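Examining the three-dimensional arrangement
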Amino acid sequence: MNKNIRIYTIYRMLFLYFLNDSILTVYLMENNISVTLIYLLHSVSAAVGIVLEVPTGIFADIHGPKSSLLIASISYAISNCLFIMGGKNIVILILASFFEGLCKNFFSGAETSYLYMALQAENRNNEFTKISGNIESVQFILTGVTSAAIGYLYSYNSLGPFILAIILGTAASIVLLPAKNYKEIRKENQQNKYKLTLKEGLYTTINNKKILWLMIFTFFMTLMFNCILSGNQIFLREVNVPVKYFGVIYSLFYLISAIFSKIAYLFQKGGNYQKKLLLFLLSLSVCAGILAFKNSIVIFAIFIPRMIIGIYPRVFQQYINDEITENRNTILSIRETVKNLPVITILPLIGVIIDKKDIGSSYLVISFIGVASTVGLYLLYISQQEKNFP
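Values in this document were obtained by computation on a predicted structure and should not be read as measured data.

Comments concerning the overall build of the chain
Scanning the chain from terminus to terminus reveals 17 helices and zero strands. Expected size for 390 residues packed as a compact globule is a radius of gyration near 21 Å; at 20 Å, the chain falls within 12% of this value. Summarising its shape, the C-alpha atoms of the chain cover approximately 60 × 50 × 35 Å along the three principal directions. When burial is assessed residue by residue, the chain has 56% of its 390 residues classed as buried. A separation threshold of at least 6 residues defines the contact pool for the chain, and within that pool the share at least 24 residues apart is 85%.

Set out below in structure tokens:
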């Protein structure tokens, strides 16, 4: 492992992006913020993604993914500062969500792009899935170990988890400073690099049938993940799990993801990747259907998405990176923009269903959407295959 990959690995170990997942919803609800408004805050973060995701991808293509990663970890620290200051102040909470979205935008794509380009420089890009899986596995374990104490820390001091996140985000930024900033070789004398890069990225996304299918799949997969995972804390409260144990449960989430991340490379071997991805989507649909029963007996089902999280991102990233030949960060950022669309358009409606009905009803709706999208994407895949082989 070369110096830059080592620095990148340390950065990822410190930048525990999901650290406060186990308590953020509870923190906001205990400040008398409704579920609908909480989901609207998620939409603010996603809206930032819609506006800035592609520009940040172009920024990474021109200035290198290291620059993007630095801005991401700094924005993460600022976001947590604002959540501490916010309390019941909606304006400050919206600003916190804005910086959270900024963090996601600069981080998304750049984290995989940096590793892929570092390996590509050594002609080792075929090792991407295995190495990224190992890095993600260790990060999941660290996040899990830390999360085990988050619930107790929150019970002792509700601001403690946010202070810890600020410290780790700042440390990650400092660690990354000496790393090399990789850049793709570009044509000289481009009058408007940003517009040209965006145009090329959009053209490739629309005209490459495999990339286009992956983008549509991304929309529905992200919808399922967001709707299921954002309801976890509400579900746990519904089945009477004390908040102080949330951190322990989330540590199990990350442990499971770590275990499955280690074997992600096995799913890369053999078979058609579209069918493998559709299996993940169908599994989430079944998971939502089980959770709709809203009973402690079915609590095991909340672990299913965490198994998929361990495998799916690494496998998907390998597939899409192999399809991309240029403007990598821009295309990956277009994908991240697509990922933000369901958070803006559908997640707030799910929040309304939870406030008006209950978490079980929302899971039923999510399950139906998942099954319908699985069938639709399979038919699209068959249609594309028939056009390729008349």
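Here we look at the packing of helix α10 (residues 209–229) against helix α14 (residues 304–323)
Contact pair α10 / α14: the axes reach a minimum separation of 12 Å and the direction vectors enclose 160 degrees. In terms of axis orientation, α10 runs roughly antiparallel to α14. Regarding α10 and α14, the two cross each other, and that crossing is left-handed. Side by side, α10 and α14 meet where Lys210, Ile211, Leu214, Met215, Phe217, Thr218, Met221, Phe225, Ile228 and Leu229 of the first sit next to Pro305, Arg306, Ile308, Ile309, Tyr312, Phe316, Ile320 and Glu323 of the second.

A short note on the packing of aromatic side chains
Counted under the stated rule, the structure contains 22 aromatic pairs. Aromatic pair Phe15 and Phe107: ring centres 5.2 Å apart, planes at 90 degrees, arrangement edge-to-face. Residue Phe15 is found in the loop between α1 (3–14) and α2 (24–29), and its partner Phe107 is found in helix α5 (residues 90–107); the two are separated by 92 residues along the sequence. The same class applies to Phe15 and to Phe107, which are both buried. Note on Phe83 and Phe162: the rings are 6.1 Å apart at their centroids and 35 degrees apart in plane angle, and the pair reads as tilted. With Phe83 in helix α4 (residues 65–86) and Phe162 in helix α8 (residues 160–176), the pair connects residues that are 79 residues apart, well separated along the chain. Each of the two residues, Phe83 as well as Phe162, counts as buried. Among the aromatic residues, ring-to-ring pairing joins Trp213, Phe217, Phe225, Phe280, Tyr312 and Phe316 into one connected group.

Some thoughts on the environment of Leu279
Turning to its location among the elements, Leu279 is positioned in helix α13 (residues 273–291). When its relative accessible area of 52% is taken as the criterion, Leu279 is described as exposed. Taking the C-alpha atoms as reference, Leu279 lies 37 Å from Tyr154; in sequence the two are 125 residues apart.

Some thoughts on the state of the cysteines
The full count for this structure, using the stated rule, is zero disulfides. Cys81 forms no disulfide, and the closest cysteine sulfur to it belongs to Cys103, at a distance of 13 Å.

A look at a nonpolar patch on the surface
Taken together, the side chains of Leu282, Val286, Val371, Val375, Tyr378 and Leu379 define a hydrophobic patch exposed on the protein surface, amounting to about 510 Å² of accessible area. Per-element accounting of the nonpolar patch gives the leading share, four residues, to helix α17 (residues 359–388). Checked against the element boundaries, Val286 lands in helix α13.

Considering helix α7 (residues 128–156)
Between its first and last C-alpha, α7 extends 41 Å over 29 residues, near the 42 Å set by a 1.5 Å rise per residue. The largest bend along α7 reaches roughly 30 degrees and is located at Ile150.

Topic: the environment of Leu52
Along the chain, Leu52 turns up in helix α3 (residues 35–63). What makes Leu52 partly exposed here is its relative accessible area of 27%. For the pair Leu52 and Gly101, spaced 49 residues apart in the sequence, the C-alpha separation amounts to 9.0 Å. In this structure Leu52 touches Leu102 and Asn105, once residues within four positions along its chain are discounted.

Looking at unusual backbone geometry
Non-glycine residue Asn32 carries a positive phi angle of around 65 degrees. Tracing the chain through its elements places Asn32 in the loop between α2 and α3. What makes Asn32 exposed here is its relative accessible area of 62%. Notably, Asn240 is not glycine yet its phi reads approximately 65 degrees, a positive angle. Looking at the secondary structure, you find Asn240 in the loop between α11 (232–238) and α12 (246–262). Assessed through its relative accessible area of 68%, Asn240 is described here as exposed.

Procedures and definitions
Residues numbered from 1 in each chain as written. Predicted model: local features only at pLDDT ≥ 70, side-chain atom pairs only at ≥ 80, totals over all residues. Heavy atoms only, no water. Helix = DSSP H or I, 4+ residues; strand = E, 2+ residues; numbered from the N terminus. Rg over C-alpha atoms; globule rule 2.2 N^0.38 Å. Buried < 20%, exposed > 50% of the residue type's maximum accessible area, 1.4 Å probe, protein only. Contact = heavy atoms within 4.5 Å. Axes fitted to C-alpha atoms, helices over the stretch in contact; angles between N-to-C directions. Parallel < 35°, antiparallel > 145°, perpendicular 65-115°, else oblique. Left-handed = near helix turned anticlockwise from the far one by under 90°. Phe/Tyr/Trp six-rings, centres within 6.5 Å; stacked < 30°, edge-to-face > 60°. Disulfide = S-S within 2.5 Å. Patch = residues over 30% accessible without salt bridge, like charges linked within 9 Å, V, L, I, M, F, W, Y side chains within 5 Å. Areas by Shrake-Rupley, 256 points an atom, 1.4 Å probe, with all protein chains shown as cover. Salt bridge = Lys/Arg side-chain N within 4 Å of Asp/Glu carboxyl O. Expected span 1.5 Å × (residues − 1). Bend = angle between axes of the 7 residues up to and from the residue.

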